[in-house]
Number of protein chains: 4
Amino acid sequence: MSTSASGSPIRAAIINVTGYVGAELARLLAQHPRVEIVCVTGRSEVGKRLPEVFPHLWSLDLPIVSEVDEDVDVIFSGLPHAAAAERLTPFIEQGTPVVDASADFRLYDEETYEQWYGEHPSPHLLPESVYGLPELHRDAIAESRLVGVPGCYPTSAILALAPLAAKGWLDGRTVVDAKSGVSGAGRALKITSHFSEVDSNFSAYGLSGHRHQPEMVQELTTLQDRADGDRELSVTFVPHLVPMTRGILATCYPSIADGSLPENSAERAEALRDVYESYYADEPFVHVAPNAPSTKQTLGSNACIVYPMVDPMTGEVMVISAIDNLVKGTAGAAVQCFNLMFGLPEELGLSKIGVYP
Amino acid sequence: MSTSASGSPIRAAIINVTGYVGAELARLLAQHPRVEIVCVTGRSEVGKRLPEVFPHLWSLDLPIVSEVDEDVDVIFSGLPHAAAAERLTPFIEQGTPVVDASADFRLYDEETYEQWYGEHPSPHLLPESVYGLPELHRDAIAESRLVGVPGCYPTSAILALAPLAAKGWLDGRTVVDAKSGVSGAGRALKITSHFSEVDSNFSAYGLSGHRHQPEMVQELTTLQDRADGDRELSVTFVPHLVPMTRGILATCYPSIADGSLPENSAERAEALRDVYESYYADEPFVHVAPNAPSTKQTLGSNACIVYPMVDPMTGEVMVISAIDNLVKGTAGAAVQCFNLMFGLPEELGLSKIGVYP
Amino acid sequence: MSTSASGSPIRAAIINVTGYVGAELARLLAQHPRVEIVCVTGRSEVGKRLPEVFPHLWSLDLPIVSEVDEDVDVIFSGLPHAAAAERLTPFIEQGTPVVDASADFRLYDEETYEQWYGEHPSPHLLPESVYGLPELHRDAIAESRLVGVPGCYPTSAILALAPLAAKGWLDGRTVVDAKSGVSGAGRALKITSHFSEVDSNFSAYGLSGHRHQPEMVQELTTLQDRADGDRELSVTFVPHLVPMTRGILATCYPSIADGSLPENSAERAEALRDVYESYYADEPFVHVAPNAPSTKQTLGSNACIVYPMVDPMTGEVMVISAIDNLVKGTAGAAVQCFNLMFGLPEELGLSKIGVYP
Amino acid sequence: MSTSASGSPIRAAIINVTGYVGAELARLLAQHPRVEIVCVTGRSEVGKRLPEVFPHLWSLDLPIVSEVDEDVDVIFSGLPHAAAAERLTPFIEQGTPVVDASADFRLYDEETYEQWYGEHPSPHLLPESVYGLPELHRDAIAESRLVGVPGCYPTSAILALAPLAAKGWLDGRTVVDAKSGVSGAGRALKITSHFSEVDSNFSAYGLSGHRHQPEMVQELTTLQDRADGDRELSVTFVPHLVPMTRGILATCYPSIADGSLPENSAERAEALRDVYESYYADEPFVHVAPNAPSTKQTLGSNACIVYPMVDPMTGEVMVISAIDNLVKGTAGAAVQCFNLMFGLPEELGLSKIGVYP
């Protein structure tokens, strides 16, 4: 598919607009110069106008319908897993390009999917889906009609560690200690998202195993395998809840194979930095920063800021990355993939500058 | 001045980019399709690159200089009062269009200015400056070369009350109980902006008199005078500090002249609503909402959401308005005025949709 | 009832310990030197241990039961209205002292109650209940066996305005613009208490009429009537939601009868201050502050900080008060009343010092 | 020294009451049943009354003086390092018991101190100072006249890891990924504590080496050495800033020597838990929780909640701990040590129950 930066609008539908992913898709697509949102669907809110549910979308006065009832050029889905594959399958089969924000088209291995999410509604589609991380799969995305947008945590962790995996340097246990704003838990009511419980409070969660871990393993292992098939990597992933709405910071403690980097401290830091700058040299949205990032630097933007460093006390490598979980972590990544799928400039409709402070 | 929506870039300078107003101007202008930022100045940070001070502007890698050292088509200033007039006067006198975010070109009356801010550095320029609220002064702004962007509180209060003042209905005391995020206090360090003091805390301030009150009186009185010279209005303005970064909510309790609106409760509410909807019918950024707004609905956007209502317990009129203090309250208003001054579409480079949640 | 400050423990039950009011009662009573909590009841959580529901109460390892199944000397109830009266009536009728945090025993007038809350389960008990604001009803509380703890907003507003009402000075419309932390909305899940909706956000609510308004009118009118039967007062009450968990700030704009205070600005301020300092001279928990308070100054404490002032711009009187809604606004007030009812020192088990910062 | 729980008040001075540590000492000591605060000193605020600086201390109306000018039984110091040792040395030398919250009496090794803090003003006092962590040094504290209260991060990390170190199991690299509220950075103004910079934001800091790391190494190594002199441990410590005022959560990823715990997953978890429960069986303030703690569970209290677990994905041990940095992390620990030094019940004047929510 190839399309120029101007031209007739691309007609888009957003399925399940009533969650935070859906609302963020609406915000981004409404401001995308080539897109016209022609249809938004919901479940419980069918019959209302979009601004009744999300008053910040007052200028996007569309009815919330139950089914995609318009001819559309592309479908964005904000449905949760299982429901997504089920609902999207007919569209995929009839050839409509689909960008899905659920977990249904992220894991290439059906068994892994089943272990974490239960039976897959449409396993026959897995072979043609592409993991929607342009930094790793740009060409495949451009040629695909079915993209599974990565989980927000995996995006932060994989972009932090990909340059090391691509060298084949990961060796043994990597700890990903990640911290997320509460919007990652969605709009559904639960006591763990209740304001008074979360405000001025900080905690770890998902300690019995988090669904985003296998995505990290899948992508890092794939990268690593291409470079060096021998080294095994494991990922200990611990997510935490930060009393803020948006943003993920991943502090990664990789174990690097001996000899990968110089021993000398200054050389080591410089060599590490070179690896990252060279790996991300042409990426529009990944910034290898000279200092540790903070999440708000990315708020509302599609940026991922990565900071690799050597611990002065122990000589160990550490990498910190920051994203907005709802943008580069979900809806922005969806738009970036869509741009690629439709041959548009990759940055169209997306910002690199966070709303700061 | 008249310019089309496409064409060669308009060269802009931002004076004092190192405060929050300057940084927000940089964010908006960097994404403005017709603007090229060619020069940013600072004071203490001269010699650094912009992203060293504001890492969220990593994609805008300009040096911070001490003086505007490029040919520019327009100057935006984020300097505080007095410093602004002093620094801008030569540019104004040589004909460069100026949009100033300080208080220096807001008050038409030199004496009022002096009472609140001290001696004015360039009182001779006051007659040609225009109060940069497009909703009240669109034509004058379009013809002006010197715009004083309103204070953030006045923007919220005036837009909440203008439809009543334009009818000449304000009669006696209007209470403006306003609540602002902390960014309104700027980037300069002070104990009242220290995180641990402000977090999980709420307080009133400025109780011995706040500089934004005379702006409200100036604009509302001017409007009211056009409609009905007889009624006197007074404004009790109490600002409060909310533990959040951006946003202003103004809860306004106007006193309305008897007979202005029907006595019957349902008719009264409907008539009030009609006044607001008709007054703001053609405004791109003012939304008369069907429910009370919240500040985050406007975050990062140039929207002002206004909600007029009748108190069911007492029959009194109340009006609530919400803005992002750094956008519609300052930098966005500056861009909106700039668009008018340069004959560009008024909405160019500005969003109506808040970054929500 | 008269009891000394030491002696055998007073056996207390907390009904509905599983809400925020119940949990706060547990926190305060567990640290009260004369109380032993012998029984805590819940509804959905029956069968669990208290720390399973509230891990911060790990040192208070009691089972949550469905009914008060122990001999108790006093009952504290954190049930909502209607459920409270229903459940408490048998205890009240058999003579067990009851401190109820619901609205059921606050309004003396059955009709007013019905208008706001529906039918009262036990209207025959209303004549013997006392409004649990010790600053207004200390003696009656000490002699009562049934106390209705005031609503959190009324506590803040009444304590702010009582000195004026007691003089008979309120004349016409008083605006109470109040701001509360989110815990006031309780532990029940709702979208308006969902973290991502409330965080970094500020809004008004309850605009179609709030149940706490008639309490304010009841108490202020009673006070005023004792002083001067002629003047009518009305209360416009607008609550707002602050992105924080605890605390209420009430900014009150009373209308004062002409001639009540001197016209001269300095004298006026001093006379106003004298009225407040004299009214609250002997109160252990009400502090007439020399500057405007902030809510966090009272966090976790039973203090109410009041600041009366004269607006320098208009000469109008304004009064600001701050409390912790869960302590002086609810559970602390309950303990203070309990101390009075049992002849204990009024301050026992209560703090005057907020957890600040 | 031995004193009973009742008796004549113990006269205390607080040096440098005007920082957050000083203010928290004032809050706790003012409510301590055996203490009378007779003197509080400051630097810039000398001449003011304490409530002028900290309005939440309105009930503690003491003058802020420049020097301890009263006979006192004990001195608490909230001065920063170097200033503390300098100011306290005369008191220590004349035999007044001193509890110091600075780093001056924490590190037993003068060289280590110098490396991190510069020259020590009174190195001759180091041999008699005791590290004020009662869980590790109860007897020594009880017999000491000079206690150095641990840093807040070390308290959280050491209590999380002590049971493993005491077994001699730590082997190689332990990662301590710690997250703190902003009050840990103190009351001095800096851009990194400026509300708008920190709010809704999350970041790592101290990446070039943090002064609290050597304390962790000192205490864990000492413990480990007693158990097994052979294994070397290293600590990678990365602190993060959470947009909240109080609280520390430390997520610890220790490397455990092979064979320390059973391989079988269920047995492993149970054995680990036994180690912790037995180690902390008699501790009044350390709670080994059945679930991961959150910081707010400890707010305002002296509790440390510890949660040891086995990662189900990798079998690795992880330990999470939570404290209030200003209480168990500083001022509460000071009071706990003071109680021991004066033969008072260890829990006197301290709470185990957090102010939650």
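Refer to the structure printed above.
The sections below set out a description of the structure shown in this document. (Residues numbered from 1 in each chain as written. Chains lettered and ligands numbered in written order. Predicted model: local features only at pLDDT ≥ 70, side-chain atom pairs only at ≥ 80, totals over all residues. Heavy atoms only, no water.)

Topic: the relation of the copies chain A and chain D
In summary, the two copies of the chain are related to each other by a rotation about an axis coupled with a shift along it. Selection rule: Only residues with pLDDT of at least 70 in both copies count here: their C-alpha atoms drive the least-squares fit that superposes the copies. Two residues form a contact once any of their heavy atoms are found within 4.5 Å.
Mapping chain A onto chain D leaves a residual RMSD of 0.0 Å; the transformation is a rotation of 180° accompanied by 0.0 Å of translation along its axis. Overall, the copies show the geometry of a two-fold rotation axis. When the interface residues of chain A are mapped onto chain D, 100% of them again lie at the interface, so the same face is used by both copies.

Looking at the pattern of salt bridges
Test applied: Any carboxyl oxygen of Asp or Glu within 4 Å of a side-chain nitrogen of Lys or Arg constitutes a salt bridge here. Helix numbering and strand numbering both begin at the N terminus, where a helix is a DSSP run of H or I of at least 4 residues and a strand a DSSP run of E of at least 2. For the exposure calls, accessible area comes from a 1.4 Å probe over protein chains only, and a residue counts as buried if that area is under 20% of its type's maximum, exposed if over 50%, partly exposed in between.
All chains considered together, the criterion is met by 68 salt bridges over all chains. Residue A:R187 pairs with C:E197 through a salt bridge whose shortest N-O separation is 3.3 Å. Remark: C:E197 occurs in helix α7 (residues 195-198) and A:R187 occurs in the loop between β8 (172-180) and α7 (195-198); the pair is interchain, linking two chains. In this structure, A:R187 and C:E197 share a single accessibility class: buried. We note a salt bridge from D:D324 to D:R246, for which the minimum N-O separation is 3.0 Å. On the criterion of sequence distance, the pair formed by D:D324 in the loop between β14 (317-323) and α10 (327-341) and D:R246 in the loop between β10 (233-241) and β11 (248-253) is long-range, its members being 78 residues apart. A single burial state applies to D:D324 and to D:R246, both of which are buried.

Regarding a negative patch on the surface
All names here are of chain A. Definition in use: Every patch collects residues that have over 30% relative accessible area and no salt bridge, joining them within 9 Å if they carry like charges and within 5 Å if they are nonpolar side chains (Val, Leu, Ile, Met, Phe, Trp, Tyr). Areas reported here follow the Shrake-Rupley algorithm with a probe of radius 1.4 Å; residue values treat only the protein chains shown as occluding. In this charge count, Lys and Arg are treated as positive and Asp and Glu as negative; neither His nor the chain ends contribute. Every charge is mapped onto a representative atom, which is NZ of Lys, CZ of Arg, CG of Asp or CD of Glu.
Where like charges cluster on the molecular surface, the negative patch consists of D109, E110, E111, E114 and E119. Its place among the elements puts E110 in helix α4 (residues 110-117). Residue E110 is classed as partly exposed on the basis of its relative accessible area of 33%.

Description of the interface of chain D and chain C
Which entries qualify depends on this criterion: Throughout, buried area stands for the accessible area (probe radius 1.4 Å) lost by two parts on being put together, summed over both. Under this definition, polar contacts are N or O atom pairs within 3.5 Å; protein pairs additionally need one hydrogen-donor-capable and one acceptor-capable atom, and for neighbouring residues in sequence, both atoms have to be side-chain atoms.
At the junction of the two partners, chain D supplies 32 residues and chain C supplies 32 residues. Across the chain D to chain C interface the summed buried area is about 2700 Å²; carbon plus sulfur atoms make up 66%. At the junction of chain D with chain C, the criterion picks out 7 residue pairs in polar contact (both at pLDDT 80 or more). If you tally residues by element for the side of chain D that touches chain C, the top one is helix α1 (residues 20-30) of chain D, at 4 residues.

Let's talk about the environment of C:T245
Position of C:T245 relative to the elements: it lies in the loop between β10 (233-241) and β11 (248-253). Separated by 65 residues in the primary sequence, C:T245 and C:S180 place their C-alpha atoms 8.3 Å from one another. If we skip the residues at most four places from it in the chain, C:T245 touches A:F195, A:S196, A:D199, C:G181, C:V182, C:S183, C:N325, D:K296 and D:P357. A polar contact is formed between the side chain of C:T245 and the side chain of A:D199, at a distance of 2.6 Å.

Re the sheet that holds strand β2 (residues 35-41) of chain D
All names here are of chain D. Rule in force here: Here the rule is simple: two strands pair whenever DSSP picks up at least two bridges between them.
Spatial ordering of the open sheet is given by β3-β2-β1-β4-β5-β7-β6, a layout of 7 strands whose pairing is parallel. Whereas interior strands pair on both sides, the edge strands pair on one side only; in this sheet they are β3 (64-65) and β6 (130-131). Pairing geometry for β6 and strand β7 (residues 146-148), over 2 bridges, is parallel. Each residue of the ladder has a partner; that of Y131, found in β7, is G148.

Points about the interface of chain A and chain D
Between chain A and chain D, the residue contacts involve 46 residues of the former and 46 residues of the latter. When chain A packs against chain D, the two sides together hide about 3500 Å² of surface, and 61% of this comes from carbon and sulfur. Counting across the chain A and chain D interface gives 4 salt bridges. Salt-bridge contacts for A:E316 lead to D:R173; the nearest nitrogen and oxygen are separated by 3.6 Å. One can count 22 residue pairs in polar contact (both at pLDDT 80 or more) joining chain A with chain D. Breaking the side of chain A that touches chain D down by element, the ones donating at least two residues are β8, α7, β9 (203-204), β10 (233-241), β11 (248-253), β13 (304-310) and β14 (317-323) of chain A. The biggest single contributor to the side of chain A that touches chain D is β10(A), with 5 residues.

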